[in-house]
Structure formats: C-alpha cells, structure tokens
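Report on the structure
Residues per chain, in single letters:
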Amino acid sequence: MAKHLALSFSLCLLVLFQGCLAIRQQCQSSQQNVCMLNQIQAREPDNRIETEAGRIESWDYNQDDFQCAGVAVQRFTIERNGLHLPSYTNTPRLVYVVQGRGHLGLVFPGCPETFEESEQSIEEQQQQQGHRQRHGRRQGQFGEQEQQEFEQLDRHQRVRVIMQGDVIAVPAGVTTWTHNDGDQSLVYVTLLDISSNHNQLDQNPRRFYLAGNPQDEFNFNQQQGQSQQGRPGQQGRSMKHQQQGNNNNNIFSGFEARLLADALNIDQQTVQQLQGQSDNRPQIIRVEGRFDFVEPPESKSEERQLQGQNGFEEVFCRMKIKQNIGNPSMADVFSPQAGRISTLNSFSLPILRFLRLSAERGFLYNNAIHSPHWNLNAHEIIYVIRGSARVQVVNDNGETILDDQVSQGQLFIVPQNHAVLQKAMSDGYEYIAFKTDDNAMVNTLAGRTSVLRALPDVVLANAYQMDREQARNLKYNRQETLALSSSRSSQSQRY
C-alpha cells in the first residue's frame, strides 16, 4: 500500500513539474519572441482623459512594439493655471517639454526643505531690525513673536522652472507635481521605462496619486478585468476590478480614517479632504485664487552656495535633473543645409546613469535626411514634435516593417539594431527620441562616420560586385555625419 502511495505521489510530482516547466518555457518563448516584429506603425494616442484644466493621453503599451521596447508613453496638456496633482510612478521617467513653461516640484525622500519664507537677505534683516528698534520693541517680545511666525511660514523642497526644450529625469517612486503659470498650454511627453530594474512590480505602468479622484490613465484595470473573465472562479473578482477601475482614488482613500487621523495628528474633516470623499476632480485641476510659493533663487550667489555643499545633500538632494536641448546653441551636430541634432546622455546629465535612459532632439530642414543608422545598445522611441517625415525601418531579414509618413503628434518605435531612415518633408521635421540606455550609441550607414566609410574599398567592391572606383565613390560621396543635405551635387566632393 505504501509503495502505491509513493508511486502515485511521484507521478503527481512529475506531472506538476512537467506542467510548470511547460509554462516556464512558454513564458520564456513569448519573451524571446516579443521583438520578432513583422510590422510596426506610427501611432496616435489610444486613451484620452479630459479634465477641468487639461488632458492626459496614453499610447497602448500592450502593442507588440511597445512590449519589445519595454516602455509606455504619455502626453500631458495642462491649460493655463492648471495643476497636475502630486503623483509618482513605479518606473523611471524621462520627460520632454514640447510647449510652454511652468513649475515642476520633485520631492526627494530624506532631503531637507531648503526653501523657506523666513529666509531674507542681510540688507532686509538690517532694515527690519532698524525699523523695530525705532519703534522701541523689546528683544524678548520680538524673539517670541518671531519664533511663532517662523513655525507658521511655509517650507518646502526646491521648485524648478521648466520650459520648452527641457528634458527632465525622474527616478521611480519620486513624487512630482506640475503647474502652468504661462500664457499658453503646457505640453510635455513622458516616457515610462517599465522594463527597468527599478520597477519591482509587473510589466504595467502604474501612477499613484496623492490627491484627487484620478481616472485610469492606461486602462489597466479594464484590461486586467478582461484577462480574468475567461478564468474559472475569477468572474466575481473581475467585476470587482472593473467597478473599482471606474472610480479610482488617491492612496490616502485606502486607509482607515481613524488610523490616518492618528498617524498625521489631524481631525476627521481633514482626513475626509485628504481622501477626496467629496472631491470628484480628476488628475489636472484648475487653481482658484493665488498660487504662490517660495521661488528658487537663480542668482550666481546661489550657485556658489550649491557648490559649497558636501555629502549626501550635495550628491542626491541637489542633483541636477533637467537640461534644455531645444536651444540651437546646444546642438552637437549642425549643418547649414540640413539642420541640427542635440544629444543628452549620462556624460552631460549624470542622473541618467542611474535611470539608464538618454534622449536626442532633432531639427531637420525641408527634405533633409537623418543618416540611416541603427542603435547598437538601445531601443529608440521617437515622438514627432512638428512637421512630417518619410520613415522606413528594416529588420534583420531585410524586410521593411515600417514605411510611412509620420506627422506631428505621432510616435513610432525603432527596436535595437533595426535600421531606420528618416527624410523630412517640405514642412521640415522636428522630433524627440527617447533611448533605453544612458549612453546610447548609433552606427550610421551614410556620411563621414559611417560603417561603409570604415571598410576598405576592396571589401566593398567584392561585397557589392562593383569596381574599386565605385566603392570609393560610395565611401566618400557624403562628407556630413548625421544631418544630411538633400542636395547631392554639393556633397559630391572627394578627399
């Protein structure tokens, strides 16, 4: 009897092991094949949320090309005097400001509130002290009143001015808020690197709000419910997820009111306001009345003060998180006939080494060409800022998987090592490209730094069945690097 039980138990273990092995192999196979793309598309946003002071648009990250790159992308439009409520994500983010200006707040954990309303210049303090002495105030009374006022004055972490052309790096879990104080809509595009090692959750983008009653920005709850409907015993749970997805809340709403009141030392009414029990406003709200805070000083004296700090506060709390690459003076490549290209990597913005992301900003004149190339070590996610271009992407089988005209507001993905060619149309072509490595490298197929230029002419002659003179023409017909002019006659000079 014991032998039969042991045999049965062994058979059960064998069946269970084989089943787990088959599931694991299937998962590994699906992960390995996720980048076997036969076709990619230039896409418009798939999901749109309208709010009282702007909109949030998202691309479907479940599409094959997004799954291959391991990213999600959003576009935020904040109207004048609009406020995007404080939130954080489970992924690192790279943000590009397409239009407008505003203020951005980042809350780094453990860093001090370095901006205080009580900070005043030495001249102001002397003037105020002289004024008080003339009015005969006693020192003891002044000290007591000053202490009470200091406790009531606002103190917060640094608030940064952002404007068109800025690239902003945001680590995973760092809380951000944005306010538009400009004269036009503030528009920015955000890349979320869901495949990053900093994301310890699943491969879904998640945004956690500290205020308001936000709507689902990625349709994640709806997709989760649909995937569970077909599973036995999961129908009731699926309906629950869908109902919750129709009325999302901020993270405070999940805590029991009395516990939250005790933890924050506040009353029940304040708890209800934190939880948004009577607040139906979604992610972007319109500010009522004044919206003032302690502005970050921008004088040279501040820069000297920042450089004088040491230790943790200097390395982390005062880390540079943004840089403008829209300014023509920041161009790394410039051609009077073709345009300019600016790159941003961990050498110029060190925080990108931590995020493992980088960016490229391109401005091509009409009919100019971005040299055909491939990315050695990164996927490339390209958003069209203005204008249009003819784009072709070729895979490892020499198949054209994208051949289309892309225009303003569209986005397309170039997987790692896939060759891409972009030619601006008559209205020019501006783009921002996010790359999934902090020091993304490209290898070009045309121009002075191309792979063809580096090969001996005898190799080219034999590889392409041409004579050596043709091979040399092929190598030296282009003297430019990345931005190529459409005029071949002006570029036919040889060394």
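Residue numbers run consecutively from 1 along every chain, following the written order of its sequence. Per-residue local features are limited, in this predicted model, to residues with pLDDT of at least 70; the limit for side-chain atom pairs, both in listing and counting, is 80 or more; totals at the level of whole chains, interfaces and linings are taken over all residues. The side-chain numbers reported here are obtained from all heavy atoms of the structure, hydrogens and water having been left aside.

Comments concerning the overall build of the chain
The cut-off we apply is this: Working definition: helices are DSSP H or I runs of at least four residues, strands are E runs of at least two. Numbering for both runs from the N terminus. Summary of the burial criterion: residues with accessible area below 20% of their type's maximum are buried, those above 50% are exposed, and those between are partly exposed, where the area comes from a 1.4 Å probe applied to protein chains only. Residue contacts follow a heavy-atom distance rule, with two residues in contact if any of their heavy atoms lie within 4.5 Å. Surface accessibility follows the Shrake-Rupley procedure with a 1.4 Å probe radius. Residue values consider only the protein chains on display as shielding.
Within the chain, the regular secondary structure consists of 14 helices and 25 strands. Looking at the chain as a whole, 44% of its 495 residues are labelled buried. In the chain, the share of contacts with a sequence separation of at least 24, taken over all contacts with a separation of at least 6, comes to 77%. Roughly 27,200 Å² of accessible area belongs to the chain as shown, and the carbon and sulfur atoms make up 47% of that amount.

With respect to the environment of I385
Structurally, I385 is set in strand β20 (residues 380-394). For I385, a relative accessible area of 2% gives the class buried.

Considering the state of the cysteines
Note on terminology: disulfide describes a covalent bond linking the sulfur atoms of two cysteines. Stated formally: The term disulfide is used for any two cysteine sulfur atoms that are within 2.5 Å.
Considering all chains together, one arrives at one disulfide under this definition. In this model, C35 is linked to C68 through a disulfide, with the two sulfur atoms separated by 2.0 Å. Between C35 and C68, the S-S dihedral sits near 105°, and the bridge is therefore right-handed. With C35 in the loop between α1 (2-32) and β1 (47-51) and C68 in helix α2 (residues 64-69), this residue pair connects regions lying 33 residues apart in the sequence. A relative accessible area of 8% means that C68 is categorised as buried.

Here we look at the side chain of S450
Positionally, S450 belongs in the loop between β24 (442-444) and α12 (451-454). On the basis of relative accessibility, which here comes to 5%, the residue S450 falls in the buried class. Beyond its immediate stretch of four places on either side in the chain, S450 contacts T444 and L445.

Looking at unusual backbone geometry
Residues other than glycine seldom take positive phi values, yet N81 does so here, at roughly 65°. Relative to the assigned elements, N81 resides in the loop between β3 (72-78) and β4 (82-89). In this structure, N367 takes a positive phi of about 70° despite not being glycine. Structurally, N367 can be placed in the loop between β18 (358-364) and β19 (369-375). Residue N367 is classed as partly exposed on the basis of its relative accessible area, which comes to 32%.

A look at the environment of L452
Structurally, the position occupied by L452 is in helix α12. Taking the C-alpha atoms as reference, L452 lies 7.7 Å from L474; in sequence the two are 22 residues apart. Discounting chain neighbours no more than four positions away, the residues touching L452 are L445, L460, Y464, L474 and K475.

Regarding the pattern of salt bridges
Rules: The working definition used for a salt bridge is a side-chain nitrogen of Lys or Arg within 4 Å of a carboxyl oxygen of Asp or Glu.
Taken as a whole and assessed by the stated rule, the structure comprises 23 salt bridges. Here R207 and E217 are joined by a salt bridge, their closest N and O atoms 3.1 Å apart. Of this pair, R207 sits in strand β13 (residues 207-209) while E217 sits in the loop between β13 and α5 (220-229), placing them ten residues apart in sequence. According to the relative accessible area criterion, R207 is buried, its value standing at 14%. For the salt bridge of E480 with R478, the shortest nitrogen-to-oxygen distance reads 2.9 Å. Here the two residues E480 and R478 agree in accessibility, since each one is buried.

Notes on a nonpolar patch on the surface
The test is simple: Patch building starts from residues that exceed 30% relative accessible area and form no salt bridge, then joins like charges within 9 Å and nonpolar side chains (Val, Leu, Ile, Met, Phe, Trp, Tyr) within 5 Å.
Taken together, the side chains of L455, V458 and V459 make up a nonpolar region of the molecular surface, amounting to roughly 190 Å² of accessible area. Mapped onto the secondary structure, V459 falls in helix α13 (residues 457-464).

What to know about the sheet that holds strand β2 (residues 54-58)
Heads up, the condition is: DSSP calls a pair of strands paired once it identifies at least 2 bridges connecting them. An axis is simply a line fitted to the C-alpha atoms; with a helix, the fit covers only the stretch in contact. Between two such axes, the angle follows the N-to-C directions and lies from 0 to 180 degrees.
Taken together, the seven strands give an open sheet; going across it, the order is β1-β2-β3-β12-β5-β10-β15, and neighbouring strands pair in antiparallel fashion. Lying at the two open borders of the sheet, with one neighbouring strand each, are β1 and β15 (322-324). Strand-to-strand twist of the sheet, defined as the mean angle between neighbouring strand axes without regard to direction, takes the value 15°. Summarising the sheet, strand β5 (residues 93-99) and strand β12 (residues 186-192) pair through six bridges and their orientation is antiparallel. Looking at β12, one finds that V95 is bridged to T190.

As for the confidence of the model for the chain
Threshold: For every residue, the pLDDT score states the predictor's confidence, bounded by 0 at the bottom and 100 at the top.
For the chain, per-residue confidence averages 80 on the pLDDT scale, and residues scoring 70 or more make up 72% of the total. Contacts for the low-pLDDT stretch residues 128-150, under 50 throughout, to residues beyond four places or in other chains number seven contacts. The low-confidence segment residues 227-246 (pLDDT under 50) makes 13 contacts with residues lying over four places distant or belonging to another chain.

Concerning the packing of aromatic side chains
In this description, an aromatic ring pair is defined by two values, namely the gap between the centres and the angle between the planes. Which entries qualify depends on this criterion: Working definition: a ring pair exists when centres of Phe, Tyr or Trp rings (six-membered ring for Trp) sit within 6.5 Å. Plane angles under 30 degrees give stacked, over 60 give edge-to-face, the rest tilted. We count a charge as sitting over a ring when the NZ of a lysine or the CZ of an arginine lies within 6 Å of the ring centre and within 35 degrees of the ring normal.
All chains considered together, the criterion is met by six aromatic pairs. For the pair Y88 and F208, a centre-to-centre distance of 5.0 Å together with 10° between the ring planes defines the contact as stacked. Of this pair, Y88 sits in strand β4 while F208 is found in strand β13, placing the two residues 120 residues apart along the sequence. Relative accessible area serves as the criterion here: at 21%, Y88 is assigned to the partly exposed category. Judged by its relative accessible area of 28%, F208 falls in the partly exposed class. Its guanidinium or amino end placed over the ring of F363, R340 lies 4.4 Å from that ring's centre, counting from NZ or CZ.

Quick look at the environment of A389
Checked against the element boundaries, A389 lands in strand β20. Given the relative accessible area of 0%, A389 is considered buried. Between the alpha carbons of A389 and L364 there is a distance of 9.5 Å; along the sequence they are 25 residues apart.

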